[in-house]
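Below are the chains, spelled out letter by letter.
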Amino acid sequence: MLGPIAWRTPPVHYGPWERVTSLLTEGLVARGVDVTLFATLDSVTAAALDGVSPHPYSEDPEMDGRVWEALHVAHALERSSEFDLVHNQLDWLPLAFHAHCAAPMLTTIHGFSGPGILPAYQRSGSAFVSISDADRSPDLSYIATVHHGVDVTELPPGPGGEALVSFGRIHPDKGTAEAIAIARAVGRPLLICGPIHDHDYFDQQVSPHIDGDRVRYLGSVGSEERARVLGAAAALLHPISFAEPFGLSVVESMLCGTPVVAYPLGSMREVVEPGITGYLASDVEGAVAVLPDALRLDRDAVRERAVERFGVERMVEDYLEVYRRLLDQPTAPSVAQPGAHIAGRLQP
């Protein structure tokens, strides 16, 4: 499992790619799969842990992320002959060195940072998994779509409350300012959670509205605090302005029983089921109009549907099936019989 190293696996606060990598890794180990996780060396896992980066480069201004990611990938691929499969969770860089990978490679595409990285995907021999149908590039072929899974035990049902919540990085893409406008229009307080990714945006369009009462900024919150905040919210506001590849915070909110009001971009039409787990709206006025309907949804039903669709066990099973399909291809090395574990070295 070739994980990212911007943050620890699992992350202490922010780090959606690292969080999904951790959940899948631990789920596979629990199934008896022999997994080696390549991640930061302070990562916490039941798998065998290997790597070169002592800690996340995002937490150390003296570390050049480009350099450490290159060293990280080189180290993992140097060991690739020891494994039956390399599952790349690290975006485009391992694809550029696919020729040096001695095992079949599978890449989960967590979202394209820009069209400029597409040649690395097109020239590699990796198989690809999309995290939503909406996030598929017409220029690539995919072996499957696997929606992210979440550990439902980490996100128990919450009682709800008066406040609305905006959860995610502070950036125009995530619509933090629009969430403030929606909350103000309906007369409800708003809690904002997430790291600041665009400081100018925060200073100009978010910070002036933070008063510690009607609009509060809680910063980047960890796992336990995330569950408490989401579970105590009336609804999650997700007024995005970009094609969201998946939307992990949306699923996490629903698992707490908290309905979602989102803009229908990217994966939101796949993740949010209108009238069941939330509603979709195209602008601030539309979100204000559907919010009362969202608040009337049964919180137990919201959670039940989220558990059914997005529990981590479903994700693990989906990936095991993808591994079997990939390794059953004629170009793959000898593989396990149906029903056998996909392990570090497969056993007949």
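Think of each chain on its own: its residues are numbered from 1, step by step along the sequence as written. Reporting in this predicted model follows two pLDDT cut-offs: at least 70 for local features of residues, and 80 or more for side-chain atom pairs to be given and counted; totals over whole chains, interfaces and linings ignore these cut-offs and use all residues. Processing note: side-chain calculations cover all non-hydrogen atoms of the structure and skip hydrogens and water entirely.

1. Section: the sheet that holds strand 12 (residues 278-280)
Then, in step 1: Here 6 strands make up an open sheet; going across it, the order is 9-8-7-10-11-12 and the pairing parallel. Of all the strands in the sheet, the pair left with one neighbour each is strand 9 (215-219) and strand 12. On average, each strand axis in the sheet is tilted by 20° relative to the strand beside it, whichever way the strands run.
Then, in step 2: The rule for pairing is simple: two strands pair if DSSP sees at least two bridges between them. The secondary structure listing takes helices from DSSP runs of H or I that are at least 4 residues long and strands from runs of E that are at least 2 residues long, numbered from the N terminus. One ladder, built from 3 bridges, connects strand 11 (residues 260-262) with strand 12; its direction is parallel. When the sheet's bridge partners are listed, V260 is paired in strand 12 with G278. Only C-alpha atoms enter the line fits that serve as axes; for helices the fit covers just the stretch in contact. Angles between N-to-C directions range over 0 to 180 degrees.

2. Observations concerning the state of the cysteines
Then, in step 1: Throughout, a disulfide means two cysteine sulfur atoms within 2.5 Å of one another. Considering all chains together, one arrives at 0 disulfides under this definition.
Then, in step 2: The thiol of C193 is unpaired, and the distance to the nearest cysteine sulfur, on C256, comes to 12 Å.
Then, in step 3: C193 gets classed as buried once you look at its relative accessible area, which sits at 1%.
Then, in step 4: The buried label applies to any residue whose accessible area, calculated with a 1.4 Å probe on protein chains only, is under 20% of its type's maximum; exposed applies above 50%, and partly exposed to all values in between. C256 gets classed as buried once you look at its relative accessible area, which sits at 0%.

3. Details of helix 8 (residues 248-255)
Then, in step 1: Burial analysis of helix 8 places 8 of its 8 residues in the buried class, the great majority of the element.
Then, in step 2: Of the residues flanking the end of helix 8, it is G257, one or two places downstream, whose phi is positive at about 85°.

4. Brief notes about helix 12 (residues 312-327)
Then, in step 1: Over its 16 residues, helix 12 runs 23 Å from end to end, which matches the ideal 22 Å to within 8%, given 1.5 Å per residue.
Then, in step 2: Along helix 12, the positions that sit buried rather than exposed are V312, M315, V316, Y319, L320, V322, Y323, L326 and L327. Projected onto a plane normal to the axis of helix 12, the buried residues spread over an arc of 160° and lie on a single side.
Then, in step 3: Buried residues in helix 12 make contact with helix 1 (16-30), strand 3 (86-88), strand 4 (105-109), strand 5 (127-130), strand 6 (144-145) and helix 11 (299-310). Every helix has an expected span of 1.5 Å times one less than the residues it contains. It is the directions from the helix axis to the C-beta atoms whose arc is reported. When checking whether two residues touch, look at their non-hydrogen atoms; a contact exists if any pair is within 4.5 Å.

5. Some thoughts on the packing of aromatic side chains
Then, in step 1: Side-chain rings of Phe, Tyr and Trp (the six-membered ring for Trp) are treated as a pair once their centres are within 6.5 Å; stacked means planes under 30 degrees apart, edge-to-face means over 60, and tilted covers the remaining angles. Scanning all chains against the criterion turns up 6 aromatic pairs.
Then, in step 2: On the numbers, 6.0 Å between centres and 75° between planes, the contact of F246 with F310 is edge-to-face. In this pair, F246 sits in the loop between strand 10 (235-238) and helix 8 while F310 sits in helix 11, placing the two residues 64 residues apart along the sequence.
Then, in step 3: For F246, a relative accessible area of 2% puts it in the buried group.
Then, in step 4: Seen in terms of ring centroids, Y319 and Y323 are 6.2 Å apart; in terms of plane orientation they differ by 35°. Their pairing is tilted. Remark: Y323 and Y319 occur in helix 12; sequence separation between them is 4 residues, near one turn of the helix.
Then, in step 5: Judged by its relative accessible area of 3%, Y323 falls in the buried class.
Then, in step 6: Over a ring means this: the NZ of a Lys or the CZ of an Arg is within 6 Å of the ring centre and within 35 degrees of the ring normal. It is R169 that lies over the ring of F242; its NZ or CZ is 5.6 Å from the centre.

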